[in-house]
Amino acid sequence: MTARPVRIVAIGDELLEGRTSVTNSTRIERALGPHAASVVDIVVVHDQLDAITGALDRTGEGDLVFVCGGLGSTRDDLTREAIAAWAGVPLQHREDIAAQIARRYAERGIPRHVDGDQQALAPAAMAAVPNPVGIAPGLVGEIHGRVLTVLPGVPAELDALLPGCLEHLATLGVLPSRREVRLWRTAQMAELAVARQTEPVRARFPALAWSWWLVDWGVDVRIAADPEQEEILSAAAHELDRILGDTVYAHDLVSLPRVIQDLMLARGETLA
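Cut-offs used in this document
Residues numbered from 1 in each chain as written. Predicted model: local features only at pLDDT ≥ 70, side-chain atom pairs only at ≥ 80, totals over all residues. Heavy atoms only, no water. Pairing = 2+ DSSP bridges. Helix = DSSP H or I, 4+ residues; strand = E, 2+ residues; numbered from the N terminus. Axes fitted to C-alpha atoms, helices over the stretch in contact; angles between N-to-C directions. Contact = heavy atoms within 4.5 Å. Parallel < 35°, antiparallel > 145°, perpendicular 65-115°, else oblique. Left-handed = near helix turned anticlockwise from the far one by under 90°. Nonpolar A, V, L, I, M, F, W, Y, C, P; charged D, E, K, R; others polar. Disulfide = S-S within 2.5 Å. Buried < 20%, exposed > 50% of the residue type's maximum accessible area, 1.4 Å probe, protein only. Polar contact = N/O pair within 3.5 Å; in protein donor to acceptor, adjacent residues only side chain to side chain. Salt bridge = Lys/Arg side-chain N within 4 Å of Asp/Glu carboxyl O. Core = buried A, V, L, I, M, F, W, Y, C linked by side-chain atoms within 4.5 Å.

Novice: Is there a simple way to explain the pairing of strand 10 (residues 209-215) in this structure?
Specialist: Side-chain direction in a regular strand flips from residue to residue, so the side chains alternate between the two faces of the sheet. As judged from the 7 bridges shared by strand 10 and strand 11 (residues 218-225), these two strands associate in the antiparallel manner. From the neighbouring strand, L214 faces strand 11, where its bridge partner is V219. Here strand 10 folds back onto strand 11 in antiparallel fashion, the turn holding 2 residues.

Here's what the structure looks like:
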(Lines give C-alpha, C1' and ligand atoms only; values in the text may rest on other atoms or scores of the structure.)
Protein backbone atom coordinates (compact mmCIF):
# COMPACT_ATOMS: atom_id res chain seq x y z
CA MET A 1 0.00 0.00 0.00
CA THR A 2 1.26 3.48 -0.87
CA ALA A 3 1.95 5.38 2.33
CA ARG A 4 -0.46 8.23 3.00
CA PRO A 5 1.00 11.52 4.23
CA VAL A 6 0.59 11.72 8.01
CA ARG A 7 -0.13 15.04 9.71
CA ILE A 8 -0.35 15.73 13.43
CA VAL A 9 -2.34 18.58 14.98
CA ALA A 10 -1.69 19.18 18.69
CA ILE A 11 -4.21 21.43 20.43
CA GLY A 12 -3.71 23.34 23.67
CA ASP A 13 -2.89 26.83 24.93
CA GLU A 14 -0.51 25.24 27.45
CA LEU A 15 1.61 23.84 24.60
CA LEU A 16 2.19 27.30 23.13
CA GLU A 17 2.81 29.02 26.45
CA GLY A 18 5.55 26.70 27.70
CA ARG A 19 3.41 25.22 30.46
CA THR A 20 3.45 21.74 28.91
CA SER A 21 5.90 20.13 26.49
CA VAL A 22 4.73 18.90 23.10
CA THR A 23 5.38 15.17 23.55
CA ASN A 24 2.28 13.54 22.04
CA SER A 25 3.56 13.92 18.49
CA THR A 26 6.55 11.78 19.47
CA ARG A 27 4.22 9.16 20.93
CA ILE A 28 2.20 9.03 17.72
CA GLU A 29 5.33 8.82 15.58
CA ARG A 30 6.67 5.95 17.69
CA ALA A 31 3.37 4.08 17.40
CA LEU A 32 3.55 4.48 13.62
CA GLY A 33 7.22 3.41 13.56
CA PRO A 34 6.53 -0.20 12.52
CA HIS A 35 4.49 1.06 9.57
CA ALA A 36 5.62 2.66 6.33
CA ALA A 37 4.21 6.01 7.43
CA SER A 38 5.74 9.39 6.74
CA VAL A 39 4.91 12.28 9.09
CA VAL A 40 5.11 15.37 6.91
CA ASP A 41 3.77 18.03 9.25
CA ILE A 42 3.27 18.73 12.97
CA VAL A 43 1.18 21.78 13.92
CA VAL A 44 0.46 23.15 17.40
CA VAL A 45 -2.54 25.45 17.79
CA HIS A 46 -4.52 27.26 20.50
CA ASP A 47 -7.80 26.04 22.01
CA GLN A 48 -9.79 28.17 19.56
CA LEU A 49 -12.29 27.12 16.91
CA ASP A 50 -10.70 29.10 14.10
CA ALA A 51 -7.20 27.87 15.03
CA ILE A 52 -8.30 24.23 14.95
CA THR A 53 -10.29 24.52 11.72
CA GLY A 54 -7.42 26.48 10.15
CA ALA A 55 -5.00 23.66 10.96
CA LEU A 56 -7.39 21.12 9.45
CA ASP A 57 -7.75 23.29 6.33
CA ARG A 58 -4.00 22.94 5.82
CA THR A 59 -4.24 19.16 5.61
CA GLY A 60 -4.72 17.52 2.23
CA GLU A 61 -7.30 15.17 0.80
CA GLY A 62 -6.33 11.57 1.52
CA ASP A 63 -4.10 12.53 4.46
CA LEU A 64 -3.96 10.47 7.64
CA VAL A 65 -4.50 13.14 10.31
CA PHE A 66 -3.94 12.68 14.05
CA VAL A 67 -5.54 15.34 16.27
CA CYS A 68 -4.71 15.36 19.98
CA GLY A 69 -6.13 17.51 22.76
CA GLY A 70 -9.39 19.28 23.50
CA LEU A 71 -11.56 16.24 24.30
CA GLY A 72 -12.21 17.10 27.95
CA SER A 73 -15.38 18.46 29.51
CA THR A 74 -14.38 22.10 30.11
CA ARG A 75 -15.41 25.12 28.08
CA ASP A 76 -12.09 25.33 26.23
CA ASP A 77 -12.36 21.75 24.93
CA LEU A 78 -13.54 22.53 21.41
CA THR A 79 -12.04 19.80 19.24
CA ARG A 80 -15.27 17.88 18.54
CA GLU A 81 -17.15 21.08 17.71
CA ALA A 82 -14.33 22.34 15.48
CA ILE A 83 -14.08 19.09 13.49
CA ALA A 84 -17.84 18.95 12.92
CA ALA A 85 -17.92 22.58 11.77
CA TRP A 86 -14.88 22.11 9.51
CA ALA A 87 -16.28 18.95 7.90
CA GLY A 88 -19.83 20.29 7.63
CA VAL A 89 -21.34 17.37 9.55
CA PRO A 90 -23.62 17.35 12.60
CA LEU A 91 -22.25 16.95 16.11
CA GLN A 92 -24.29 14.09 17.55
CA HIS A 93 -24.93 12.85 21.06
CA ARG A 94 -23.95 9.18 20.94
CA GLU A 95 -25.58 6.66 23.24
CA ASP A 96 -22.73 4.19 22.74
CA ILE A 97 -20.20 6.78 23.94
CA ALA A 98 -22.46 7.85 26.81
CA ALA A 99 -22.64 4.21 27.92
CA GLN A 100 -18.84 3.91 27.79
CA ILE A 101 -18.48 7.05 29.90
CA ALA A 102 -21.09 5.84 32.41
CA ARG A 103 -19.17 2.57 32.83
CA ARG A 104 -15.92 4.45 33.45
CA TYR A 105 -17.55 6.59 36.19
CA ALA A 106 -19.09 3.47 37.76
CA GLU A 107 -15.75 1.63 37.72
CA ARG A 108 -14.14 4.54 39.52
CA GLY A 109 -16.96 4.77 42.04
CA ILE A 110 -17.57 8.46 41.43
CA PRO A 111 -20.80 10.24 40.48
CA ARG A 112 -21.17 11.18 36.85
CA HIS A 113 -20.90 14.90 36.17
CA VAL A 114 -23.42 16.63 33.92
CA ASP A 115 -20.49 18.35 32.19
CA GLY A 116 -19.36 14.91 31.07
CA ASP A 117 -22.24 14.80 28.59
CA GLN A 118 -20.06 16.96 26.33
CA GLN A 119 -17.72 14.00 26.01
CA ALA A 120 -20.56 11.88 24.55
CA LEU A 121 -20.68 14.13 21.48
CA ALA A 122 -18.99 13.11 18.22
CA PRO A 123 -18.97 14.31 14.63
CA ALA A 124 -21.20 12.11 12.48
CA ALA A 125 -19.58 9.03 10.90
CA MET A 126 -16.73 8.81 13.42
CA ALA A 127 -16.33 5.58 15.39
CA ALA A 128 -15.59 5.68 19.11
CA VAL A 129 -12.63 3.72 20.50
CA PRO A 130 -13.01 2.99 24.25
CA ASN A 131 -10.51 4.72 26.53
CA PRO A 132 -8.85 2.09 28.79
CA VAL A 133 -7.62 4.60 31.38
CA GLY A 134 -9.66 7.78 31.04
CA ILE A 135 -13.12 9.06 30.18
CA ALA A 136 -13.12 10.51 26.66
CA PRO A 137 -12.96 7.90 23.88
CA GLY A 138 -10.80 8.21 20.82
CA LEU A 139 -12.57 8.99 17.54
CA VAL A 140 -11.64 7.47 14.18
CA GLY A 141 -13.22 7.88 10.77
CA GLU A 142 -13.05 9.03 7.18
CA ILE A 143 -14.37 12.58 7.12
CA HIS A 144 -14.13 15.44 4.64
CA GLY A 145 -11.72 13.48 2.42
CA ARG A 146 -9.28 12.76 5.24
CA VAL A 147 -8.87 9.91 7.71
CA LEU A 148 -8.99 11.46 11.19
CA THR A 149 -7.86 9.94 14.47
CA VAL A 150 -8.80 12.16 17.41
CA LEU A 151 -7.14 11.52 20.77
CA PRO A 152 -7.09 13.10 24.24
CA GLY A 153 -4.12 15.28 25.07
CA VAL A 154 -3.34 13.50 28.35
CA PRO A 155 -0.25 11.42 27.45
CA ALA A 156 -1.26 8.33 29.46
CA GLU A 157 -4.67 8.28 27.79
CA LEU A 158 -3.21 8.85 24.33
CA ASP A 159 -0.73 6.00 24.84
CA ALA A 160 -3.51 3.67 25.98
CA LEU A 161 -5.77 4.56 23.05
CA LEU A 162 -3.23 4.38 20.23
CA PRO A 163 -3.22 0.57 19.80
CA GLY A 164 -7.02 0.44 19.49
CA CYS A 165 -7.09 3.40 17.11
CA LEU A 166 -4.39 1.88 14.91
CA GLU A 167 -6.32 -1.38 14.87
CA HIS A 168 -9.40 0.52 13.69
CA LEU A 169 -7.37 2.26 10.99
CA ALA A 170 -6.16 -1.16 9.85
CA THR A 171 -9.77 -2.38 9.52
CA LEU A 172 -10.48 0.67 7.35
CA GLY A 173 -7.58 -0.38 5.10
CA VAL A 174 -5.81 2.97 5.45
CA LEU A 175 -2.92 2.07 7.74
CA PRO A 176 0.36 1.76 5.81
CA SER A 177 1.89 -1.70 5.58
CA ARG A 178 4.04 -2.91 8.47
CA ARG A 179 7.82 -2.78 8.38
CA GLU A 180 10.43 -4.72 10.27
CA VAL A 181 12.21 -2.34 12.65
CA ARG A 182 15.37 -2.89 14.72
CA LEU A 183 16.71 -0.43 17.30
CA TRP A 184 20.07 -0.02 19.04
CA ARG A 185 20.31 2.43 21.96
CA THR A 186 23.94 3.34 22.57
CA ALA A 187 25.69 5.23 25.34
CA GLN A 188 29.09 6.94 25.74
CA MET A 189 29.60 7.33 22.00
CA ALA A 190 29.34 10.59 20.05
CA GLU A 191 26.95 10.85 17.10
CA LEU A 192 29.81 11.32 14.61
CA ALA A 193 31.58 8.24 15.97
CA VAL A 194 28.40 6.18 15.58
CA ALA A 195 27.98 7.45 12.01
CA ARG A 196 31.57 6.58 11.12
CA GLN A 197 31.51 3.13 12.69
CA THR A 198 28.24 2.17 11.01
CA GLU A 199 29.14 3.61 7.59
CA PRO A 200 30.55 0.29 6.20
CA VAL A 201 27.34 -1.52 7.13
CA ARG A 202 25.17 1.21 5.66
CA ALA A 203 27.21 1.06 2.45
CA ARG A 204 26.71 -2.72 2.23
CA PHE A 205 22.93 -2.50 2.82
CA PRO A 206 21.76 0.73 1.13
CA ALA A 207 18.24 -0.61 0.49
CA LEU A 208 17.42 -0.50 4.20
CA ALA A 209 15.99 2.65 5.80
CA TRP A 210 18.68 3.95 8.18
CA SER A 211 18.29 6.66 10.80
CA TRP A 212 20.06 7.78 13.96
CA TRP A 213 19.50 10.59 16.42
CA LEU A 214 20.75 12.02 19.71
CA VAL A 215 18.91 11.15 22.94
CA ASP A 216 19.58 11.98 26.60
CA TRP A 217 22.20 9.27 27.12
CA GLY A 218 23.74 8.75 23.70
CA VAL A 219 22.69 7.91 20.16
CA ASP A 220 19.89 5.72 18.86
CA VAL A 221 20.33 3.78 15.62
CA ARG A 222 17.32 2.36 13.80
CA ILE A 223 16.91 0.25 10.67
CA ALA A 224 13.54 -0.27 8.98
CA ALA A 225 12.83 -2.71 6.19
CA ASP A 226 9.94 -4.08 4.17
CA PRO A 227 8.90 -7.64 5.09
CA GLU A 228 10.60 -9.07 1.99
CA GLN A 229 13.91 -7.56 3.16
CA GLU A 230 14.00 -9.56 6.40
CA GLU A 231 17.05 -11.58 5.36
CA ILE A 232 19.23 -8.57 4.59
CA LEU A 233 17.90 -6.83 7.71
CA SER A 234 19.10 -9.75 9.83
CA ALA A 235 22.50 -9.66 8.15
CA ALA A 236 22.85 -5.93 8.76
CA ALA A 237 21.71 -6.35 12.38
CA HIS A 238 24.36 -9.01 12.97
CA GLU A 239 27.04 -6.61 11.70
CA LEU A 240 25.77 -3.77 13.88
CA ASP A 241 25.75 -5.98 16.96
CA ARG A 242 29.41 -6.76 16.32
CA ILE A 243 30.44 -3.15 15.64
CA LEU A 244 28.50 -1.40 18.42
CA GLY A 245 29.19 -4.10 21.00
CA ASP A 246 28.72 -3.16 24.64
CA THR A 247 27.92 0.47 23.86
CA VAL A 248 24.37 -0.83 23.29
CA TYR A 249 22.24 -0.81 26.43
CA ALA A 250 18.82 -1.64 24.93
CA HIS A 251 17.04 -2.75 21.78
CA ASP A 252 13.71 -1.16 22.66
CA LEU A 253 12.52 2.22 23.89
CA VAL A 254 13.68 1.93 27.49
CA SER A 255 15.86 4.57 29.16
CA LEU A 256 19.41 3.98 30.40
CA PRO A 257 18.45 4.76 34.05
CA ARG A 258 15.68 2.15 33.79
CA VAL A 259 18.13 -0.42 32.44
CA ILE A 260 20.54 0.28 35.31
CA GLN A 261 17.70 0.14 37.82
CA ASP A 262 16.54 -3.25 36.53
CA LEU A 263 20.10 -4.62 36.67
CA MET A 264 20.54 -3.43 40.24
CA LEU A 265 17.19 -4.86 41.34
CA ALA A 266 18.10 -8.21 39.77
CA ARG A 267 21.35 -8.19 41.78
CA GLY A 268 19.72 -7.03 45.00
CA GLU A 269 21.80 -3.84 45.02
CA THR A 270 20.83 -0.31 46.06
CA LEU A 271 22.00 3.18 45.16
CA ALA A 272 21.97 6.29 47.37
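Novice: I would appreciate a short explanation of the sheet that holds strand 9 (residues 180-187) in the present structure.
Specialist: Neighbouring strands of a sheet are bound in pairs by backbone hydrogen bonds; such pairs are parallel or else antiparallel. On the basis of which strands lie adjacent, the open sheet formed by 4 strands has the order 10-11-9-12 and antiparallel pairing. Two strands lie at the open edges of the sheet, namely strand 10 and strand 12 (248-250), each paired on one side alone. Looking at each pair of strands side by side, their axes are set apart by 30° on average, direction ignored. Of the pairings in the sheet, the one linking strand 9 to strand 12 comprises 2 bridges and is antiparallel in character. Across the sheet, the residue bridging to R185 is A250, located in strand 12. Across the sheet, helix 7 (residues 191-204) is in contact with strand 9, strand 10 and strand 11; its angle to strand 10 comes to roughly 165°.

Novice: Can you help me understand the packing of helix 3 (residues 49-57) against helix 4 (residues 79-87) in this one?
Specialist: Helix 4 packs onto helix 3 with a crossing angle of 50° between their chain directions and a minimal axis gap of 9 Å. Considering their axes alone, helix 3 and helix 4 lie oblique with respect to each other. Crossing handedness for the pair helix 3 and helix 4: right-handed. Where helix 3 abuts helix 4, its residues L49, I52, T53, L56 and D57 lie against T79, E81, A82, I83 and W86. Looking at the contact of helix 3 with helix 4 residue by residue, the classes come out as 6 nonpolar, 2 polar and 2 charged.

Novice: What exactly am I supposed to notice about the state of the cysteines here?
Specialist: Here, disulfide denotes a covalent bond that connects the sulfur atoms of two cysteines. Inspection of the entire model under this criterion finds 0 disulfides. Between C68, a free cysteine, and C165, which holds the nearest cysteine sulfur, the sulfur-to-sulfur gap is 12 Å. Given the relative accessible area of 3%, C68 is considered buried.

Novice: Any chance you could explain the side chain of Q119 here in plain terms?
Specialist: Following the sequence through the fold, Q119 ends up in the loop between helix 5 (95-108) and strand 5 (121-123). Polar contacts involving the side chain of Q119 include one to the main-chain carbonyl oxygen of L71, which spans 3.3 Å. Setting aside residues up to four positions removed in sequence, Q119 forms contacts with L71, G72, S73, R80, I97, I101, Y105, I135, A136 and P137.

Novice: Is there a simple way to explain the pattern of salt bridges in this structure?
Specialist: A pair can form between side chains of opposite charge whenever their charged atoms are brought close. Tallying each qualifying case throughout the model produces 11 salt bridges. A network of salt bridges, in which partner residues are shared, links R7, D41 and D63.

Novice: Can you walk me through the nonpolar core in this structure?
Specialist: Across soluble globular proteins, nonpolar side chains show a tendency to be buried alongside one another. Formed by 30 residues in total, the largest nonpolar core has its most connected members in V45, L148 and V150. Of all the elements in the fold, those that place two or more residues in this core are strand 1 (5-11), strand 2 (38-45), helix 3, strand 3 (64-68), helix 4, helix 5, strand 7 (138-143) and strand 8 (146-151). Setting aside residues up to four positions removed in sequence, L148 forms contacts with V65, I83, W86, M126, L139, V140, G141 and I143. Formed by 21 residues, the second largest nonpolar core is a distinct cluster that contains V6, L15, V129 and L151.

Novice: Would you mind going over the environment of A51 with me for this structure?
Specialist: Along the chain, A51 turns up in helix 3. Measuring from C-alpha to C-alpha, the distance between A51 and G245 comes to 49 Å, with 194 residues separating the pair along the chain. With sequence-adjacent residues up to four places away left out, A51 is seen in contact with V45 and H46.

Novice: Even after reading the chapter, I still don't get the environment of I42, so can you show me in this structure?
Specialist: Residue placement: I42 occurs in strand 2. Leaving out residues up to four positions away in the same chain, I42 has contacts with I8, S25 and E29.

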